[in-house]
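A structural walkthrough
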Amino acid sequence: MFLGHGKKCIADAVKTAADNGLSFGAPCPAETELAQRICNIVPCVDKVRMVNSGTEATMSALRLARGYTGRDIIIKFEGCYHGHSDSLLIKAGSGAATFAGASSAGVPEAFAKYTLVLPYNDETALDSAFKKFGGKIACVIVEPVAGNMGVVPPKNGFLQKIRSLTIQYGSLFIMDEVMTGFRLSLSGAAGHFNLDADIITFGKIIGGGMPVGAYGGKKEIMDFISPSGPVYQAGTLSGNPLAMAAGNAQLKYLQAHTEIYDEVEKKGEYLETEFKASAQKNGVDIRVNRTGSMLSVFFTDSEVLDFASACKSDTEKFKKYFNEMLKRGIYLAPSQFEALFISDAHTCEDLEKTVREFNEVMKIL
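Attention in this report is confined to the structure presented alongside it. All values derive from a computational prediction rather than experimental measurement.

What follows deals with the pairing of strand E10 (residues 287–291). Among the five residues in E10, four count as buried, and that is most of the element. The pairing of E10 with strand E11 (residues 294–298) spans five bridges and is antiparallel. Opposite Asn289, over in E11, you have Ser296 as the bridge partner. Taking the residues between adjacent antiparallel strands as the criterion, E10 and E11 are bridged by two residues, where Gly292 takes a positive phi near 60°.

Following this line, the structure appears as structure tokens:
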């Protein structure tokens, strides 16, 4: 909710759209407008297909990658979450380039044999996996800034390594921008890191919080989707007029107010600096990871670079921290392994109160 939970221009757009019909089961002009807007904003997106959630977007992107390449194996990274489709609910194997097992009941183990789970930020593991399976790998899917093991930014060169290996071996590079899209910059992580992905997935942020998702990419790849190509995907509610109205209002506002990104960056920097200073003053070991408006506090004295190092955090201390902050009126993400998201709606007063209460909590941890 980058503009807050009830931005007036978005709410007004939804109300107007509702007066004209809630759902048509067919494309509407607002869907075309939003697709064109996304293509104009994100440099590596030529065509967009609307869906209803981030899970649908990533699931459809994987099917498209497999259909386009004619290959079955996908690579994901431990600690990155891409929705709850079967191919992605896979836990890590015992080695860097070994297959794994299902991480949820109801997922057949047979699905796991097509998913490689590697450590995030590990270029050596990537090299090893491609040397072993390169000609069979359909795609690599990654959160460009991980936000589901807490915030873990990419090391310098990590995302570029994925791009170079996928080009070398004829695989596709999928960036899951459900969290980072239109948040890290107007053009998301693709613009922020100057990356040329093959497919990008988006989530609720493009609809201002309405149930919506999308996936888009290069024309020759997107043309593989039915009805122009052999990869099937459809949805009666995809591109519904309420979500499209909200999405157009949100992106129009962001295009007209790009100064928001600098302002939110400053808010994030303020919280990061004050949190670190407060913890140091009170003798509490923390690590604060931040990229732009995404931030996490880890209760550990070690760097957090991947899922294994995130798991070294003191989750009991986090529980106390969360509950003490909640008592003081600050509602944080309730898990050590989730991100804090700063929005344009957060005022300086909100952030100053957060810092004051954070300091009081550090005194009792």
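Let us look at the packing of helix H1 (residues 8–19) against helix H9 (residues 241–256). Between H1 and H9, the least distance of the axes is 8 Å, while the angle of their chain directions is 150°. With respect to each other, H1 and H9 are oriented roughly antiparallel. You can see that H1 and H9 cross each other, and the crossing is right-handed. When H1 is examined against H9, the residues Cys9, Ile10, Ala13, Val14, Ala17 and Ala18 are found in contact with a partner set consisting of Pro241, Leu242, Ala245, Ala246, Ala249, Gln250 and Tyr253. Grouping the amino acids of the contact of H1 with H9 by side-chain chemistry returns 12 nonpolar, one polar and no charged.

On to the packing of aromatic side chains, then. What the rule picks out here adds up to 14 aromatic pairs. Residues Phe299 and Phe318 carry aromatic rings whose centres are separated by 6.4 Å and whose planes lie at 70° to one another, so their mutual orientation is edge-to-face. Of this pair, Phe299 sits in the loop between E11 and helix H11 (307–310) while Phe318 is found in helix H12 (residues 315–327), placing the two residues 19 residues apart along the sequence. Relative accessible area serves as the criterion here: at 4%, Phe299 is assigned to the buried category. We classify Phe318 as buried; its relative accessible area is 6%. Ring pairs connect the aromatic residues Phe275, Phe299, Phe318, Tyr321 and Phe358, which therefore count as one cluster.

Running from N to C, H12 and helix H13 (residues 348–364) point in directions that differ by 135°, and their axes come no closer than 10 Å. Judged by the inter-axis angle, H12 sits oblique to H13. Viewed along their axes, H12 and H13 form a crossing whose handedness is right-handed. Here Lys320, Tyr321, Glu324 and Met325 of H12 come into contact with H13, specifically with Thr354, Glu357, Phe358, Val361, Met362 and Ile364.

The subject of this paragraph is the sheet that holds strand E6 (residues 137–142). The pairing of strands in a sheet comes from backbone hydrogen bonds and takes either a parallel or an antiparallel form. The seven strands lie next to each other as E1-E9-E8-E7-E6-E2-E5, forming an open sheet whose pairing is mixed. Sheet topology places strand E1 (47–51) and strand E5 (115–118) at the edges, where each strand pairs with a single neighbour. Adjacent strand axes in the sheet meet at a mean angle of 20°, parallel and antiparallel pairs treated alike. In this structure, strand E2 (residues 73–77) lies alongside E5, joined through four bridges in parallel fashion. Among the inter-strand pairings, Lys76 is bridged to a residue of E5, identified as Val117. Strands in contact with helix H5 (residues 123–133) are E2, E5 and E6; relative to E5, the strand with the most contacts, it is inclined by about 155°.

To continue, consider the side chain of Thr166. With respect to the secondary-structure elements, Thr166 resides in helix H6 (residues 158–169). A polar atom in the side chain of Thr166 sits 2.9 Å from the backbone oxygen of Ile162. Among the polar contacts made by the side chain of Thr166, one reaches the main-chain carbonyl oxygen of Arg163 at a distance of 2.9 Å. Other than its neighbours up to four places away in sequence, Thr166 contacts Phe130, Val140, Ser171, Leu172 and Phe173.

Time to look at empty space enclosed by the protein. According to the stated counting rule, one finds two cavities of 30 Å³ or more in the structure shown. In this structure, the largest cavity occupies an estimated 60 Å³ of space. Lining the largest cavity, in full, are Leu295, Ser296, Val297, Phe318, Tyr321, Leu332, Ala333, Ser335, Gln336, Glu338 and Leu340. Where the lining of the largest cavity is concerned, the elements lending two or more residues are E11 and H12. For the lining of the largest cavity, the element with the highest residue contribution is E11, accounting for three residues. Split into classes, the residues belonging to the lining of the largest cavity amount to seven nonpolar, three polar and one charged. The computed volume of the second largest cavity comes to approximately 50 Å³.

What counts as what
The residue count restarts for each chain, going from 1 along the sequence in the order it is written. Totals for whole chains, interfaces and linings use all residues, but because this is a predicted model, local features are given only for residues with pLDDT of at least 70 and pairs of side-chain atoms are given and counted only at 80 or more. Working from all heavy atoms in the structure, the side-chain values ignore hydrogens and water. A simple rule labels every residue: compare its accessible area, found with a 1.4 Å probe on the protein chains alone, to the largest value its type can have, and call it buried under 20%, exposed over 50%, or partly exposed in between. The secondary structure listing takes helices from DSSP runs of H or I that are at least 4 residues long and strands from runs of E that are at least 2 residues long, numbered from the N terminus. Pairing between strands requires that DSSP locate at least two bridges from one strand to the other. Fitted lines through C-alpha atoms serve as axes, helices being fitted only where they are in contact, and the angles separating the N-to-C directions of these axes extend from 0 to 180 degrees. Angles are sorted into four bins: roughly parallel if under 35 degrees, roughly antiparallel if over 145, roughly perpendicular if 65 to 115, and oblique for all others. Each crossing gets its handedness from the near helix: less than a right angle anticlockwise from the far helix is left-handed, clockwise is right-handed. Whether two residues are in contact is decided by their heavy atoms: any pair within 4.5 Å suffices. When residue character is reported, Ala, Val, Leu, Ile, Met, Phe, Trp, Tyr, Cys and Pro are called nonpolar, Asp, Glu, Lys and Arg charged, and the others, Gly included, polar. Paired rings are identified among Phe, Tyr and Trp, the last through its six-membered ring, by centres lying within 6.5 Å, and are further divided according to the angle between planes into stacked (under 30 degrees), edge-to-face (over 60) and tilted (the rest). Within 3.5 Å is the distance limit for a polar contact, defined as a pair of N or O atoms, with the added protein rule that one can donate a hydrogen and the other accept it, and that residues adjacent in sequence qualify only through two side-chain atoms. Only protein atoms enter the calculation, which uses a 1 Å grid: trapped sets of points that fit a 1.4 Å probe without letting it out are cavities, open sets showing protein on both sides within 12 Å along at least five of seven lines are pockets, and any residue with an atom within 4 Å of a point is a lining residue. Grid points are joined across faces, edges and corners, and a volume is the space filled by probe spheres set on the points.

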